[in-house]
Amino acid sequence: MLKFVGDLRSLLLALWLGAACFFSFAVAPSAFGVLPSRDLAGSLVSRTLMIINLSGIVIGAFLLLSSFLPSRKAIPFAVWGERLLLAILTIACVVGQFVIALWMAQIRISIGKPIEELAADDPLRVQFNQLHEYSVYVLVAGMIAAGLTYFLLAYRSRNTENTEIKTTKTDLPEFKF
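From a predicted model like this one, the values you see are computed outputs, not experimental measurements.

1. A short note on the environment of L2
- By the secondary structure assignment, L2 is in helix α1 (residues 2–34).
- Residue classification places L2 among the partly exposed positions, given a relative accessible area of 40%.
- Residues L2 and R72, spaced 70 residues apart in sequence, show a C-alpha to C-alpha distance of 8.9 Å.
- Setting aside its immediate chain neighbours within four residues, L2 contacts P70 and R72.

This is how it looks when you write it as structure tokens:
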């Protein structure tokens, strides 16, 4: 049962990290490169980022809570490192969605027209651009935390398997013919 939970945890983390990478390296640049207006591309990217953030919150919270399940032969440093990284992932998604994205949406509403129509030195456009930069930093922090957590999970899984294999080999009775 614990092996199944460990495999499920690794799968969920890999799925979120893959989705976040796909969003960052394919969806967002393609939207701004292909769609006819930057406003439309921004709406698509905002909607897609919301899905990434909300799934990151759910997956991060699940993984964080499941890290408290009893585990055989777990290295305490690795377990607490995993929990710290999962907290960073979850907090990054919460901040990205419920602080930065909401603030950016409020600015877009208060502008009342496409952002690219504002002068480059307009205070609202400057603030929007700064928030966009913070959004990128927060997402990258979550992605780095997820990647490091994935390697910790893989290390723990491999370490547990090797220990079980060694234990199994020494516990077998010798048969003499």
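Okay, back to it.
2. Examining the packing of α1 against helix α2 (residues 38–66)
- Running from N to C, α1 and α2 cross one another at 170°; their axes reach a closest spacing of 10 Å. In terms of axis orientation, α1 runs roughly antiparallel to α2.
- Its residues placed into classes, the contact of α1 with α2 shows 19 nonpolar, five polar and two charged.

3. Details of the packing of α2 against helix α3 (residues 76–111)
- As a packed pair, α2 and α3 sit with axes 9 Å apart at the nearest point and diverge in direction by 150°. Between α2 and α3, the angle falls in the class roughly antiparallel. Handedness of the α2/α3 crossing: left-handed.
- Within the contact of α2 with α3, the residues separate by chemical class into 13 nonpolar, nine polar and three charged.

4. A look at the environment of L54
- Within the element layout of this structure, L54 appears in helix α2.
- Each C-alpha atom, one on L54 and one on G96, is 9.6 Å from the other, the two residues being 42 residues apart in sequence.
- Leave out the neighbours within four places in its chain, and L54 touches Q97 and F98.

Basis of the calculations
Residues numbered from 1 in each chain as written. Predicted model: local features only at pLDDT ≥ 70, side-chain atom pairs only at ≥ 80, totals over all residues. Heavy atoms only, no water. Helix = DSSP H or I, 4+ residues; strand = E, 2+ residues; numbered from the N terminus. Buried < 20%, exposed > 50% of the residue type's maximum accessible area, 1.4 Å probe, protein only. Contact = heavy atoms within 4.5 Å. Axes fitted to C-alpha atoms, helices over the stretch in contact; angles between N-to-C directions. Parallel < 35°, antiparallel > 145°, perpendicular 65-115°, else oblique. Nonpolar A, V, L, I, M, F, W, Y, C, P; charged D, E, K, R; others polar. Left-handed = near helix turned anticlockwise from the far one by under 90°.

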